[in-house]
Amino acid sequence: MKDMDLHAEMSAAAARVRQEHIDRMLSLGVSGPAIATLGAVQAAFGISAATPEPSYYYQPGDGPAHVIMPVQEEGELIDLVAWRSSNPARWFWRTGLGWALGTDYLLPRWDDGPVHLYATPLDWLAAAGDGMCILDWSAPEIRELAALDAIAVDEMIGRKLLAILSKPARLPRVTYRKAVRHAAA
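The text that follows walks through the structure, step by step, so that each part is easy to find. (Residues numbered from 1 in each chain as written. Predicted model: local features only at pLDDT ≥ 70, side-chain atom pairs only at ≥ 80, totals over all residues. Heavy atoms only, no water.)

Next up on the list: the nonpolar core. One finds Met 25, Phe 45, Met 69, Leu 125 and Leu 135 to be the most contacted residues of the largest nonpolar core, which totals 25 residues. Residue assignment for this core shows that the elements contributing at least two residues are helix H3 (32-39), strand S2 (58-73), strand S3 (76-84), strand S4 (87-93) and helix H4 (121-126). The next biggest cluster of nonpolar side chains, apart from the first, holds 16 residues, and it includes Ala 119, Trp 137, Leu 161 and Ile 164. (Core = buried A, V, L, I, M, F, W, Y, C linked by side-chain atoms within 4.5 Å. Buried < 20%, exposed > 50% of the residue type's maximum accessible area, 1.4 Å probe, protein only. Helix = DSSP H or I, 4+ residues; strand = E, 2+ residues; numbered from the N terminus.)

The next point concerns the sheet that holds S2. Within the open sheet, the four strands sit side by side as S1-S2-S3-S4. Their pairing is antiparallel. The open sheet is flanked by strand S1 (46-52) and S4, the only strands paired with a single partner. Direction aside, neighbouring strands of the sheet carry axes that sit 50° apart on average. Note that S1 and S2 share seven bridges and pair antiparallel. Bridging from a neighbouring strand, Ala 49 pairs with Ala 65 of S2. The strands touched by helix H1 (residues 6-15) are S1, S2 and S3; relative to S3, the strand with the most contacts, the crossing angle is about 45°. (Pairing = 2+ DSSP bridges. Axes fitted to C-alpha atoms, helices over the stretch in contact; angles between N-to-C directions. Contact = heavy atoms within 4.5 Å.)

On to the pattern of salt bridges. On inspection of all chains with the given rule, the structure shows two salt bridges. In this structure, the salt-bridge partner of Arg 94 is Glu 9, at a minimum N-O distance of 2.8 Å. Of the two residues, Arg 94 is situated in the loop between S4 and strand S5 (100-101) and Glu 9 in helix H1; the sequence distance between them amounts to 85 residues. Exposure class is identical for Arg 94 and Glu 9. Each is buried. For Glu 155, the salt bridge is made with Arg 159, and the minimal N-O distance between the two is 2.5 Å. Here Glu 155 pairs with Arg 159, and both are found in helix H5 (residues 155-165), just four residues apart, close to one helical turn. Considered together, Glu 155 and Arg 159 belong to a single accessibility category, that of exposed residues. (Salt bridge = Lys/Arg side-chain N within 4 Å of Asp/Glu carboxyl O.)

Worth remembering: the numbers are spatial, not functional.
Written as structure tokens, this is what we have:
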């Protein structure tokens, strides 16, 4: 993969947002206040031409317009995710490092309420980023969700999450070696 400047790509995508794109988000159930709330802490979304690859990565520059969203971890931009407004349940990564949107909800919080888990980046955007959206269901980091006190999900996501979290954690084979005693010098 050639050298990427994710910040520049996200800034350029955010600069391409026009009223027609905002109107489309509104028609998909994303409210103006949700866009503004998320936009106060990060770029809510951008627009970029993108070419999806069979590997679920995308290349910017050519292809149809996609919604671009930043994937952050502890305030750092680690990836971008691209999806079409006509199919928000299928997304593509720029670097492949972003396993979820809203991972800061795994950090200790003052709020004791459940962490909301959303099925798609569109749903997460509509909720103003209040919660998480799993982007990579095969990521080992998903097991970190077991440390949360409560998670609020729809039934499909809940079943998927419980199936993953209820699997025993893989443990390495541990072998014992004979203790070696060193003679005093």
